[in-house]
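What follows is each chain in one-letter form.
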Amino acid sequence: MPRNSISISILRRVASSLLLLLALTATAQRPQGTGQQRLSKDQQLKLRMKAIDDSIPLWRGIQVKADLMGAVQRGLSSTGQYEAGVRANLKDKYFPVVEMGLGQADNTDLSTSTHYKTSAPYWKVGMDFNIMKNKHDIYRLFAGVRYAFTSFKFDIDRPNVTDPVWGDKVPFSLHDVKAQYHWMEAVFGTEAKIVGPVSLGWTFRYRRRIAHKDGGYGNPWYVPGFGKQGSSRIWGSFELMVNL
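Asker: How should I be thinking about empty space enclosed by the protein in this particular structure?
Answerer: Which parts of space are left empty comes out when a probe the size of a water molecule is rolled across the atoms. On inspection of all chains with the given rule, the structure shows one cavity of 30 Å³ or more. In this structure, the largest cavity occupies an estimated 70 Å³ of space. Looking at the largest cavity, the residues that line it are Lys 65, Arg 87, Asp 128, Phe 142, Arg 146, Val 187, Gly 189, Thr 190, Thr 203, Glu 239 and Met 241. Ranked by residues supplied to the lining of the largest cavity, first place goes to strand β6 (residues 169–195) with three residues. Residue classes in the lining of the largest cavity are distributed as three nonpolar, three polar and five charged.

The following block contains the structure:
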C-alpha cells in the first residue's frame, strides 16, 4: 500500500477518535447544570423546603398556653371558664394537645327567679395540624380536633313553685344533681410570634355533643367547658402561648 494512503487512513482514525472524545467529555459535563435549569421555580422551592424539613428534628419542644377570653367572660358575667393547656411540637407540623379548665356558673334568671349554680373541671385531648405551606415560619395556621369530657354537679333553686296536687306555693330545690357530658370540637386557629418565646393566637371552635347524662331533670342550663344550653355551637378563644 502506498505511504500516502496509509498516512491519510491514520489521520482519519485520529480525527475520529478526537471527535468521539470531545463528545463524551461534553456529555459528561452537561447533566448537572442542565438538570437544575429544567426545574421550575415551584420544584426548586419544594426541594429547598424538603431539605429544610429533613434537617428539622422530630421533637421541637412544648408550648404552655392559657385562654384569656374565658377568664374575661367569667369576670364580666355569671358564666365562664378558666382554661389552660399544654401542646407538643413535632417537626412544626403536628401538635398533640391536652387542655383542662374550670367552668363556672352562678346565675339567677330575672323573669323566673330560678338560681342555677355549678363549678367543675373539664378536660380536652386532641391534635392540631399546621396547614401553612411554610411549616417553619413564625406564623402558623391550624386545623384540629378535640374530644372533651366533664363530670359535674349542679344546684337549682326556685321560690314559690305551685304544688300540682295541693295548689300551695312551695320553694323548689335540687342540690348536687350529677351529670356528665361528652363532646367533640372542630378547631381552626392562628398563632403569631410576638417576642422571644411568647406568641398570641385566636381559635374558633365548633362544638357538638356526642353523649350525656343529665341527672333525670332535663338538660342542665350550663355545662362546664361546653357552655349554656341553646347557645351557639361556635365559640372562640384568645390565647397567650409560651414556648419552652
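Asker: Help me understand the sheet that holds strand β5 (residues 139–162) in this model?
Answerer: Hydrogen bonds between backbone atoms are what pair the strands of a sheet, whose relative direction is either parallel or antiparallel. Read once around its circumference, the closed barrel built from eight strands follows the order β1-β2-β3-β4-β5-β6-β7-β10, with strand pairing classed as antiparallel. Across the sheet, the mean angle from the axis of one strand to that of its neighbour is 25°, orientation sign disregarded.

Asker: I keep staring at the nonpolar core and nothing clicks. Help me out?
Answerer: Most often, soluble globular proteins have nonpolar side chains that are buried together. In terms of nonpolar packing, the biggest core is built from 16 residues, with Tyr 116, Phe 152, Phe 154, Tyr 181 and Trp 183 touching the most fellow members. Elements with a contribution of two residues or more to this core: β4 (115–130), β5, β6 and β8 (222–223). The element best represented in this core is β6, accounting for five residues. When neighbours within four sequence positions are excluded, Phe 154 is seen to be in contact with Tyr 116, Lys 117, Thr 118, Leu 174, His 175, Asp 176, Val 177, Ala 179, Asp 214 and Pro 220.

Asker: Could you clarify how one ought to interpret the pairing of strand β1 (residues 59–67) in this entry?
Answerer: Along a regular strand, successive side chains alternate from one face of the sheet to the other. The pairing of β1 with strand β2 (residues 79–90) spans seven bridges and is antiparallel. Bridge pairing in β2 places Lys 65 opposite Gly 85. One ladder, built from five bridges, connects β1 with strand β10 (residues 234–243); its direction is antiparallel. Following the sheet pairing, Asp 67 is matched in β10 by Glu 239.

Asker: Is there a simple way to think about the environment of Gly 85 in this case?
Answerer: Following the sequence through the fold, Gly 85 ends up in strand β2. Exposure remark for Gly 85: the relative accessible area of 3% places this residue in the buried category. Separated by 15 residues in the primary sequence, Gly 85 and Met 100 have C-alpha atoms spaced 6.0 Å apart. When sequence neighbours within four positions are dropped, the list of residues in contact with Gly 85 reads Gln 63, Val 64, Lys 65, Val 98 and Glu 99.

Asker: For this particular structure, what's the right way to read a nonpolar patch on the surface?
Answerer: Together, Val 98, Met 100, Trp 123, Val 125, Val 145, Tyr 147, Met 184 and Ile 210 make up a nonpolar patch on the protein surface, roughly 670 Å² of accessible area in all. Of all the secondary-structure elements, those providing two or more residues to the nonpolar patch are β3 (94–108), β4 and β5.

Asker: Whenever I open this one, the layout of surface pockets confuses me. Can you help?
Answerer: Considered as a void within the structure, the largest pocket measures approximately 310 Å³ in volume. Surrounding the largest pocket, 20 residues form its lining, Asn 89, Asp 92, Arg 140, Glu 191 and Asn 243 being those nearest its centre. Listed by contribution, the elements that provide at least two residues to the lining of the largest pocket are β1, β2 and β6. The element contributing the most residues to the lining of the largest pocket is β1, with four residues. Class assignment of the residues belonging to the lining of the largest pocket gives a composition of five nonpolar, seven polar and eight charged. One number sums up the size of the second largest pocket: a volume of about 250 Å³. If you trace the second largest pocket, you find 22 residues lining it, with Gln 73, Gln 81, Arg 207, Gly 227 and Trp 235 closest to the centre. When residues of the lining of the second largest pocket are traced back to their parent elements, those giving at least two are β2, β4, β7 (198–213), β9 (227–228) and β10.

Definitions and cut-offs
- Residues numbered from 1 in each chain as written.
- Predicted model: local features only at pLDDT ≥ 70, side-chain atom pairs only at ≥ 80, totals over all residues.
- Heavy atoms only, no water.
- 1 Å grid on protein atoms, 1.4 Å probe; cavity = no way out; pocket = protein on both sides within 12 Å on 5 of 7 lines; lining within 4 Å.
- Points joined across faces, edges and corners; volume = space filled by probe spheres on them.
- Helix = DSSP H or I, 4+ residues; strand = E, 2+ residues; numbered from the N terminus.
- Nonpolar A, V, L, I, M, F, W, Y, C, P; charged D, E, K, R; others polar.
- Pairing = 2+ DSSP bridges.
- Axes fitted to C-alpha atoms, helices over the stretch in contact; angles between N-to-C directions.
- Core = buried A, V, L, I, M, F, W, Y, C linked by side-chain atoms within 4.5 Å.
- Buried < 20%, exposed > 50% of the residue type's maximum accessible area, 1.4 Å probe, protein only.
- Contact = heavy atoms within 4.5 Å.
- Patch = residues over 30% accessible without salt bridge, like charges linked within 9 Å, V, L, I, M, F, W, Y side chains within 5 Å.
- Areas by Shrake-Rupley, 256 points an atom, 1.4 Å probe, with all protein chains shown as cover.
- Salt bridge = Lys/Arg side-chain N within 4 Å of Asp/Glu carboxyl O.

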